[in-house]
Amino acid sequence: MCHIEEAEHRAEQRVRAEIGEGQITLPTYEAFCNSAKGLMIGEFKVQVPDVQCSECEGSGFEDAEEELECSTCDGTGSVALQIPVPWTTIKEIYRTITEEYGPKPAIDAAREVG
Ligand SMILES: [Zn+2]
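Residues numbered from 1 in each chain as written. Predicted model: local features only at pLDDT ≥ 70, side-chain atom pairs only at ≥ 80, totals over all residues. Heavy atoms only, no water.

A.B. asks: Tell me about the overall build of the chain, residues and numbers included.
C.D. replies: Each helix and strand in the chain was counted, giving five helices and four strands. For 114 residues, the compact-globule estimate of 2.2 N^0.38 gives 13 Å, and the chain exceeds it by more than 25% at 26 Å. Split into buried and exposed, the 114 residues of the chain put 16% on the buried side. Considering only contacts in the chain between residues 6 or more positions apart, those separated by 24 or more positions represent 62%. For the chain, the accessible surface area stands at approximately 9400 Å², while carbon and sulfur atoms represent 53% of it. Here the chain holds 9 positive side-chain charges and 23 negative ones, and the gap between their average locations is 20 Å. (Helix = DSSP H or I, 4+ residues; strand = E, 2+ residues; numbered from the N terminus. Rg over C-alpha atoms; globule rule 2.2 N^0.38 Å. Buried < 20%, exposed > 50% of the residue type's maximum accessible area, 1.4 Å probe, protein only. Contact = heavy atoms within 4.5 Å. Areas by Shrake-Rupley, 256 points an atom, 1.4 Å probe, with all protein chains shown as cover. Lys, Arg positive; Asp, Glu negative; His and termini not counted. Charge placed at Lys NZ, Arg CZ, Asp CG, Glu CD.)

Laid out in structure tokens, this is it:
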């Protein structure tokens, strides 16, 4: 282990000791909103199965008279859609995390008074 690695290792151990095992530091909700949009957009998707195929309108045929299967849905009449999770939803999830696990000034202040 070189000197820099050793120093990094010690620094990491110190941080872990300060914030506690099993914990990491995270940006505040505001900092997350200002910095994570590019990182998060398009990163998560919800799969919606059995959506009517828009090419054949659910018939399964590209040409019903010639009984030509629809190439978009392979003749099933339905497709699965991948819907990206909207940025607003990602922000709501992150807000819930920070509210649950972040500092709670009102409660902390009440404890100091009480
Ligand atoms: Zn189709």
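A.B. asks: Before we move on, could you go through the packing of aromatic side chains and cite the residues and values that matter?
C.D. replies: In the structure shown here, the tally under the stated rule is two aromatic pairs. Between Phe32 and Trp87, the ring centres sit 5.8 Å apart and the planes meet at 25°, which makes this aromatic pair stacked. One end of the pair, Phe32, is in helix H2 (residues 29–35); the other, Trp87, is in helix H4 (residues 87–101), and 55 residues separate them in sequence. Of the two residues, Phe32 and Trp87, both sit in the buried class. Ring centres 3.7 Å apart and planes at 5° place the aromatic pair Phe32 and Tyr94 in the stacked group. You can see Phe32 sitting in helix H2 and its partner Tyr94 sitting in helix H4, a full 62 residues away along the chain. Aromatic ring contacts, followed pair by pair, group Phe32, Trp87 and Tyr94 into a single cluster. (Phe/Tyr/Trp six-rings, centres within 6.5 Å; stacked < 30°, edge-to-face > 60°.)

A.B. asks: Can you break down the coordination of the zinc ion residue by residue, with the values?
C.D. replies: Coordination of the zinc ion by the protein is provided by Cys53 (SG), Cys56 (SG), Cys70 (SG) and Cys73 (SG), with metal-donor distances spanning 2.3 to 2.4 Å. What the four donor atoms of the zinc ion show is an angle range of 103 to 115° at the metal, which sorts the shape as tetrahedral. (Donors = N, O, S within 2.8 Å, 3.2 Å for Na, K, Ca; no water. Tetrahedral: all angles 85-135°; square planar, octahedral: opposite > 155°, others 65-115°.)

A.B. asks: Tell me about the layout of surface pockets, and name the residues and values.
C.D. replies: To find the voids left in a structure, one rolls a probe of water-molecule size over its atoms. Of the voids in this model, the largest pocket is the one considered here, and its volume is about 430 Å³. Contributing to the lining of the largest pocket are 18 residues, with Leu26, Thr98, Tyr101, Gly102 and Pro103 lying nearest its centre. Taken together, the elements giving at least two residues each to the lining of the largest pocket come down to H2 and H4. With six residues, the single largest contributor to the lining of the largest pocket is H4. Within the lining of the largest pocket, the residues separate by chemical class into nine nonpolar, six polar and three charged. (1 Å grid on protein atoms, 1.4 Å probe; cavity = no way out; pocket = protein on both sides within 12 Å on 5 of 7 lines; lining within 4 Å. Points joined across faces, edges and corners; volume = space filled by probe spheres on them. Nonpolar A, V, L, I, M, F, W, Y, C, P; charged D, E, K, R; others polar.)

A.B. asks: Tell me about the environment of Ile93, and name the residues and values.
C.D. replies: Its location among the elements puts Ile93 in helix H4. With 15 residues separating them along the chain, Ile93 and Ser78 place their C-alpha atoms 31 Å apart.

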